[in-house]
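Tertiary structure, described
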Amino acid sequence: MEARSSSSAAAVPPPPSIPSSSDQGVWADVSPLLAAACCDLQDGELVHGENFSLFAAMSALEIMDPKMDSGIERSRYNSVEEAIEDGVAPIPLSLDRTLDVQRSIDVMDHLFSCEATWHKGHTLAQTVFTCIYLMRMERTSSHAVLNSFCRILRATCNAVISVVSTARTHEEEDLFTMSFGLPLRDEGDEKCLSILNSVEETISRQLRACKAQALSKKKTLEGLESLQDNPDLEEDYCRALLCRLRFRKHFYHVVMCMRKPHGRGLELARKHVASCLTELNLMLKSREFLKSQSSTTLQQGDGNCTTASGCQPVGFDVSLNSRLLSPTPPRAVKVLSWSDAIRYFERLLHDLDVICTSSLDPVLENVLYFIVQFQKTVPDLVPRAFLQTLLVQDGKLYGEHLFSDVISRALSLPDIIGDKEFQMNEFVVQLGQLVVNLIKILCTNTAWQRRKLGKSLQDWSTISIQLELALKREFGETRNVLQNENMCMRVSKQLLIWTQEHAYWVAFRFLTLGFELDLYSPGEYCMVYWYMYVVLTKLIEKMQLRVLAISETSRRKGKKKKDHSKDSARDITFSSSCLLLQCYLLLSEGLSMMLAVLRNESRSFQLPSIFNTEQERFMQHFDLLLKARVPEHISFYSFKESSSRAGISDLVKYNFFKEIQKIAPSLRGSFASESEKLAEVRRIEQVAEHNRIALNIINQVGAGDPSLRVSFEFTHHPHFAVAVVKRS
Amino acid sequence: MSSAAASAGGGSGSEVSGGTEERGEIAYVSYGGEQHLPLVMSLVDEELSEPYSIFTYRYFVYLWPQLTFLAFDATDGKCVGTVVCKMGEHRGAFRGYIAMLVVLKPYRGRGIATELVTRSIRVMMDSGCEEVTLEAEVTNKGALALYGRLGFIRAKRLYRYYLNGVDAFRLKLLFPRPDPGLPPMMIGNDTDDQKMDSPYL
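Model, not experiment: these values are computed from the prediction. (Residues numbered from 1 in each chain as written. Chains lettered and ligands numbered in written order. Predicted model: local features only at pLDDT ≥ 70, side-chain atom pairs only at ≥ 80, totals over all residues. Heavy atoms only, no water.)

1. Describing the overall build of chain B
- Looking only at helices and strands, chain B features 5 helices and 7 strands.
- Burial statistics for chain B: of 201 residues in total, 56% are counted as buried.
- The contacts in chain B between residues at least 6 apart in sequence include a share of 68% that link residues at least 24 apart. (Helix = DSSP H or I, 4+ residues; strand = E, 2+ residues; numbered from the N terminus. Buried < 20%, exposed > 50% of the residue type's maximum accessible area, 1.4 Å probe, protein only. Contact = heavy atoms within 4.5 Å.)

2. As for the nonpolar core
- Of all hydrophobic cores here, the largest spans 275 residues; its most connected members are I439 and F712 of chain A together with I98 and Y147 of chain B.
- Beyond its immediate sequence surroundings of up to four residues, F712 of chain A is in contact with Y525, L591, M594, L595, L598, F605, A721, V722 and A723 of chain A. (Core = buried A, V, L, I, M, F, W, Y, C linked by side-chain atoms within 4.5 Å.)

3. Some words on the environment of S675 of chain A
All names here are of chain A.
- In this structure, S675 sits in helix α25 (residues 675-701).
- Accessibility expressed as a relative area gives 59% for S675, which makes it exposed.
- Taking the C-alpha atoms as reference points, S675 and D623, separated by 52 residues in sequence, lie 37 Å from one another.

4. A closer look at the packing of aromatic side chains
- Evaluated as defined, the whole model comprises 36 aromatic pairs over all chains.
- On the basis of an interplanar angle of 75° and a centroid distance of 4.8 Å, the ring pair of F515 of chain A and Y520 of chain A is categorised as edge-to-face. Each member of the pair, F515 of chain A as well as Y520 of chain A, is classed as buried.
- Between F60 of chain B and W64 of chain B, the aromatic rings sit 6.4 Å apart at their centres with planes inclined by 50°, giving tilted as the arrangement.
- Pairwise contacts between aromatic rings join F508, F515, Y520, Y525, Y529, Y584, F714 and F720 of chain A into one cluster. (Phe/Tyr/Trp six-rings, centres within 6.5 Å; stacked < 30°, edge-to-face > 60°.)

5. Quick word on the domain arrangement of chain A
Residue and element names in this part refer to chain A.
- Per the domain assignment, the segments making up chain A are domain 1 (80-216 + 226-324 + 331-353), domain 2 (360-474 + 487-519) and domain 3 (575-727).
- The C-alpha centroid of domain 2 is placed 40 Å from the C-alpha centroid of domain 1.
- Each side of the interface is counted separately: domain 1 has 27 residues, and domain 2 has 25 residues.
- Our count for the domain 1 to domain 2 interface comes out at 1 salt bridge.
- Residue D380 pairs with K120 through a salt bridge whose shortest N-O separation is 3.3 Å. (Domains from an automatic or database assignment. Salt bridge = Lys/Arg side-chain N within 4 Å of Asp/Glu carboxyl O.)

6. Here we look at the pattern of salt bridges
Residue and element names in this part refer to chain A.
- Tallied over the entire structure, the rule returns 36 salt bridges over all chains.
- A salt bridge links R208 to E201; its shortest N-O distance comes to 3.8 Å.
- For K662, the salt bridge identified is with E659, shortest N-O distance 3.5 Å. Placement of both K662 and E659 in helix α24 (residues 656-670) is noted, with a separation of 3 residues, approximately one turn of the helix.
- Taking the relative accessible area as the measure of exposure, K662 reaches 60% and is therefore exposed.
- Note on E659: relative accessible area 34%, which makes it partly exposed.
- Connected through shared salt-bridge partners, E200, R246 and K249 make up one network.

7. Regarding the sheet that holds strand β1 (residues 26-30) of chain B
Residue and element names in this part refer to chain B.
- Reading across from one edge, β1-β2-β3-β4-β5-β7-β6 is the order of the 7 strands in this open sheet, with mixed pairing throughout. The sheet is open, and its two borders are formed by β1 and β6 (153-158), each paired with just one other strand. With strand direction ignored, the average angle separating the axes of adjacent strands in the sheet is 25°.
- In this structure, β6 lies alongside strand β7 (residues 168-174), joined through 5 bridges in antiparallel fashion. In the sheet register, R154 faces β7, and the bridge partner there is L171. (Pairing = 2+ DSSP bridges. Axes fitted to C-alpha atoms, helices over the stretch in contact; angles between N-to-C directions.)

8. Observations concerning unusual backbone geometry
All names here are of chain A.
- With an omega dihedral of -10°, the bond running from I91 to P92 counts as a cis peptide bond.
- One can find P92 in the loop between α3 (80-85) and α4 (97-119).
- Going from V630 to P631, the amide bond is cis rather than trans, its omega being -10°.
- Topologically, P631 is positioned in the loop between α21 (623-627) and α22 (636-644).
- Within the chain, L360 stands out as a residue other than glycine whose phi angle is a positive 55°.
- With respect to the secondary-structure elements, L360 resides in the loop between α10 (338-356) and α11 (364-375).
- Residue classification places L360 among the partly exposed positions, given a relative accessible area of 24%.

9. Some points on the side chain of E115 of chain A
Residue and element names in this part refer to chain A.
- Take E115: it is sitting in helix α4.
- A distance of 2.8 Å separates polar atoms of two side chains, one belonging to E115 and the other to R248.
- Sequence-distant contacts of E115, defined by excluding residues within four places in its chain, comprise V128, L153, T156, R248, F251 and F345. (Polar contact = N/O pair within 3.5 Å; in protein donor to acceptor, adjacent residues only side chain to side chain.)

10. Remarks on the environment of R154 of chain B
- Assignment of secondary structure puts R154 of chain B in strand β6.
- Sequence spacing of R154 of chain B and Y59 of chain B is 95 residues, and the spatial spacing of their C-alpha atoms is 27 Å.
- Excluding anything up to four places from it in sequence, R154 of chain B contacts D518, L519, Y520, S521 and H621 of chain A together with F169, R170 and L171 of chain B.
- Engagement of the side chain of R154 of chain B in a polar contact is seen with the backbone oxygen of D518 of chain A, the distance being 2.6 Å.

11. Here's the deal with the environment of E137 of chain B
Residue and element names in this part refer to chain B.
- With respect to the element layout, E137 can be found in strand β5 (residues 131-137).
- Note: C-alpha distance between E137 and K86 (51 residues apart in sequence) is 20 Å.
- With near-sequence residues (within four places) excluded, E137 lies in contact with S49, L144, Y162, N164, V166, D167 and A168.

12. Overview of the UniProt feature "domain: N-acetyltransferase" (unreviewed entry) in chain B
- What UniProt calls "domain: N-acetyltransferase" (unreviewed entry) maps, in this numbering, to residues 27-176 of chain B.
- Overall, residues 27-176 of chain B shows 30% helix and 35% strand. The separation of its end C-alpha atoms is 30 Å. (UniProt positions renumbered as here; feature names shortened; annotations may be inferred.)

13. Overview of the interface of chain A and chain B
- Between chain A and chain B, the residue contacts involve 63 residues of the former and 58 residues of the latter.
- Around 5300 Å² of area is buried between chain A and chain B when both sides are counted, 61% of it from carbon and sulfur atoms.
- It is M58, F611 and Q620 of chain A in chain A that bury the most area against chain B; as a group they hold 15% of the surface buried on that side.
- Taken together, the connections running from chain A to chain B amount to 1 salt bridge.
- Among the salt bridges present, the one from R154 of chain B reaches D518 of chain A, with a minimum N-O distance of 3.3 Å.
- Counting residues per element, the ones that place at least two in the side of chain A that touches chain B are α2 (54-58), α16 (446-475), α18 (525-557), α19 (561-602), α20 (614-621) and α22 of chain A.
- Tallying contributions element by element places α18 of chain A first for the side of chain A that touches chain B, with 7 residues.
- Considered class by class, the residues forming the side of chain A that touches chain B number 30 nonpolar, 15 polar and 18 charged. (Buried area = accessible area lost by both parts, 1.4 Å probe. Nonpolar A, V, L, I, M, F, W, Y, C, P; charged D, E, K, R; others polar.)

14. A short note on the state of the cysteines
All names here are of chain A.
- Tallying each qualifying case throughout the model produces 0 disulfides over all chains.
- In this structure C38 is not part of a disulfide, and its nearest cysteine sulfur, from C39, lies 6.8 Å away.
- Residue C150 stays outside any disulfide, its sulfur separated by 5.2 Å from that of C131, the closest cysteine. (Disulfide = S-S within 2.5 Å.)

Next up, the structure:
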């Protein structure tokens with residue numbers, strides 16, 4: 001930095017804190033220089049330098065401004081050691097043994113709430129590691145209960161970080177894996193399970209003894225070390241501790257099982273998920289007892305308590321780690337309440353359970369459906385990372401199937417599964433990579449996912465064009481092709497159709513995610529549904545072409561009889577998927593046209609703006625699709641052309657909503673065994689029915705009637721609106 | 001640029017009734033120099049969630065003073081609103097950016113925010129910007145409605161964009177190109193063949 005002051009450094013001896021000069025350089029105190037420079041500066045003047053522009057200056061943080069300086073000294077202590085010396089985290093937690101157990105449970109509960117808060121998007125340093133016991137775990141070795149709990153918690157955190165880092169789905173959620181040099185690992189952590197098991201064993205023996213004693217009405221517990229000194233409370237404290245320790249044990253198992261390669265641990269993981277849920281329930285049940293025993297003043301309100309008892313835990317300091325954080329303005333951290341943390345873990349375990357039910361199906365269509373279905377409930381980062389690490393391991397599906405094989409299976413070309421030439425084909429290699437990327441993108445949070453999907457369209461489109469060119473180059477001129485070349489051409493053609501189909505699939509997902517992310521305003525629904533309609537038309541077309549090509553292949557081969565049943569089962573699956581898309585298409589077409597009619601005849605749902613027109617909005621919303629030519633020959637004018645001539649009579653004549661009601665029964669039949677798809681059909685039917693009625697009313701009243709008030713709501717489906725008609 | 005919140009209150013434009021309270025005239029002033037800086041800073045610090053250092057304010061008001069406007073209550077000379085912007089090259093496009101927009105609560109619903117931001121956007125358009133962007137909290141209905149009326153679309157959602165953990169929308173306003181480009185293109189015949197029975201497309 002270049003100061004504009006002309007005064008030179010005064011020749012006073014440097015203060016003792018400045019190191020003496022050496023070969024590497026001469027140290028000098030710049031305070032007088034700075035002071036002189038400050039005097040030279042007028043109000044509003046800036047220090048300016050080549051590498052200190054106004055832009056660079058924005059990254060500067062104002063030190064000691066609590067809104068900006070995350071390292072600001074807020075703790076009473078300069079170090080963890082200082083806090084410990086001051087008795088902030090005593091071991092034992094109290095000399096009164098009952099209080100010691102009580103406080104240990106509070107520490108466990110607060111850690112539990114911190115862990116959930118961490119999962120929800122805060123740093124480890126500001127959540128779990130605000131616990132001084134965890135920061136200096138060696139101190140807890142004399143306290144078996146706390147030690148075993150902390151050790152397995154730390155090991156779990158470490159394992160979860162590794163899953164999330166491997167998945168790298170976190171892109172914008174990178175706070176999660178930042179560990180800022182925290183003591184995350186220690187020798188002996190691999191023994192955390194055996195340590196925990198022995199503590200659990202001791203306590204459960206004690207619990208059994210309590211029960212036996214209650215039966216025999218004896219006064220003392222022989223031969224066993226009690227947890228604390230009040231025999232009346234012993235049993236309840238044993239229970240409260242046991243469920244907390246067992247939850248940790250099973251949760252650790254869940255994480256470890258789910259990390260096993262090839263999804264081999266999924267079945268066992270499910271059992272541990274069930275056990276975790278049982279222990280969570282017991283933890284909830286222990287709340288009443290723990291509350292009744294807490295003598296200290298409650299934290300404000302039940303909803304804010306981070307412990308079951310309602311007591312503030314000892315051994316935490318939220319500011320000690322603040323200097324470990326990156327030099328950005330501090331993010332406010334509000335630790336979840338204990339009840340919310342329980343709810344978080346229930347939800348997490350449910351999401352993990354869904355992943356564990358994966359049939360490890362290698363059919364790409366089903367894999368994509370599984371992820372999309374999973375994302376419907378908007379799962380958090382941790383379960384999404386687990387799903388992704390299950391799906392893509394070592395560049396293979398479930399760590400087992402080469403993506404080239406996944407593609408050949410999708411083309412229904414079992415002959416070329418494992419075929420080296422097919423695997424090495426540059427297009428197949430590229431497409432394999434695109435599929436890996438697609439799967440990974442689908443596992444990210446929906447906001448990020450949509451952006452990534454939009455960008456990936458360009459890749460799908462480029463490879464389609466290349467395939468098409470190659471196809472023309474290789475086979476375009478040939479008239480008399482040999483049998484072998486013919487096969488080669490068929491594979492290429494199928495590959496092309498498959499690629500195009502997936503480009504449209506991605507485009508459709510991109511467009512529908514816009515609804516989930518609330519990116520469209522009602523004035524834009526007309527164009528969005530129109531574009532969805534266009535994309536769906538192409539998607540269905542490609543899908544049908546693919547099926548046609550497949551049946552062509554099997555016909556040529558003159559398949560044996562037993563294969564036919566397999567084929568027809570597949571055909572039914574294809575036709576029901578096609579029919580489902582057909583329903584989406586009809587809904588899109590109907591909604592877009594209904595909106596167009598309303599715009600044309602009642603001047604509602606239009607977008608007046610002083611700075612631009614509908615055309616600019618269209619170009620912005622579909623920029624990525626238009627650039628990737630998904631589909632080709634589409635522009636604002638195609639939309640304008642179709643929407644401007646939409647009239648109520650045509651809309652009524654081609655009653656798209658009624659059409660859906662004709663298709664739905666057969667779909668219900670083919671999805672009879674799939675409850676999720678069945679529910680989807682039901683939702684579609686509801687949207688269709690409501691819109692059919694709305695359309696009737698609009699038709700009766702007249703779309704141009706000034707008393708007509710139409711609004712659109714997503715009450716039955718997240719992507720397809722229902723028209724609500726009112727008259728004023 | 002780090003995250004910037006655009007908090008435009010009210011948002012119902014001139015239709016909101018002001019009750020019986022008398023409404024003073026609002027005077028709009030372009031940024032006039034250092035004397036305006038504390039006014040801008042205190043308004044933004046008070047109303048927006050994100051912390052800004054003085055360097056951030058200076059970056060904007062020194063480089064693009066013509067894009068910063070202030071609104072004063074003419075009756076008592078109180079500064080009641082401000083807009084702070086910039087413009088420059090961004091990925092091959094000349095783009096305007098609305099960094100901060102604030103109107104004091106009691107003055108919202110009177111179209112002051114709309115007027116402030118419209119003035120800035122006009123200058124951007126006249127300076128050759130192709131588009132204008134900004135971020136707004138997804139929960140800030142007033143700002144979203146205001147920008148929607150001005151022709152902005154919600155282009156992206158930014159997950160946990162703000163320090164307080166709230167998502168943002170990236171809003172974008174594309175200006176019409178002076179050159180209409182290609183002539184209107186109809187859908188090719190190939191598409192027409194597939195859906196002959198459709199009245200639509």
